[in-house]
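# A closer look at the structure
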Amino acid sequence: PTQTPPARWESPPAMEYYPPTSSVIMFGGYNGTPLSDTWSWNGTAWTQLFPTHSPSARSSHMMAYDTLSGIIVIFGGVAANGSLLNDTWSWNGTTWTQLFPTTVPPARSGACMVYDSLNSVITMFGGGLAGGTYSSGTWNFAGTGGGTYSWFALSPSTSPPARIFGSMVFDPVIGESILFGGLNGGVGSLQDLWVFN
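Residues numbered from 1 in each chain as written. Predicted model: local features only at pLDDT ≥ 70, side-chain atom pairs only at ≥ 80, totals over all residues. Heavy atoms only, no water.

### Looking at the pairing of strand 7 (residues 71-79)
Most of strand 7 sits inside the fold, with nine of its nine residues counted as buried. Note: strand 5 (residues 58-59) against strand 7, two bridges, orientation antiparallel. Note that in strand 7 the partner of Arg58 across the bridge is Ala79. Bridging between strand 6 (residues 62-66) and strand 7 involves five bridges; their strand directions are antiparallel. (Buried < 20%, exposed > 50% of the residue type's maximum accessible area, 1.4 Å probe, protein only. Helix = DSSP H or I, 4+ residues; strand = E, 2+ residues; numbered from the N terminus. Pairing = 2+ DSSP bridges.)

Written out as structure tokens, the structure reads:
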């Protein structure tokens, strides 16, 4: 492409396909400092977008496309001052809008987040919490009617060990989210495989 976004890392988790415009949307990342730029990839070219509103600069944030609501959702990440965030934002193809759910997870970075098309919810697992601890918590995010949204803490009988930077994808054929690996502060790199129904 003739134009590309500035170099960055910790941005792949914050990159999602947006079907209404047939484009991939990327937000933020880290390049010596957290970034707050929005870019679109149409398969041929990158285009920087300049929405009216944007989330604050951040890295290691989570991003997923909600098919039912037709929005990309961003949660949390690491702010420019190094603090963790727990704000929720949506992308509607034109601009970012901050959402104010009645319940929100604790601030975190580097969690796994995918859209579960079978149950029409976004599922988030793990992440790095304040104080350098890692989470083994599972949360769902969904609309509650009238254009409002909320996060819901789940309590599965069995959960993977706490981790950050795991890889997770939803498999619509088996109707389950698949989680692999990540980093655990006490163990190091993980190579375990889990499914969530």
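The discussion continues.
### Some words on the sheet that holds strand 16 (residues 188-196)
With respect to topology, three strands assemble into an open sheet ordered 14-15-16, the strand pairing being antiparallel. Lying at the two open borders of the sheet, with one neighbouring strand each, are strand 14 (167-171) and strand 16. Averaged over all neighbouring strand pairs, the angle between strand axes comes to 10 degrees, with direction disregarded. (Axes fitted to C-alpha atoms, helices over the stretch in contact; angles between N-to-C directions.)

### Remarks on a nonpolar patch on the surface
The grouping of Val173, Ile174 and Val195 at the surface amounts to a nonpolar patch, some 310 Å² of accessible area in total. When you line up the elements, Ile174 lands in the loop between strand 14 and strand 15 (176-184). We classify Ile174 as partly exposed; its relative accessible area is 46%. (Patch = residues over 30% accessible without salt bridge, like charges linked within 9 Å, V, L, I, M, F, W, Y side chains within 5 Å. Areas by Shrake-Rupley, 256 points an atom, 1.4 Å probe, with all protein chains shown as cover. Salt bridge = Lys/Arg side-chain N within 4 Å of Asp/Glu carboxyl O.)

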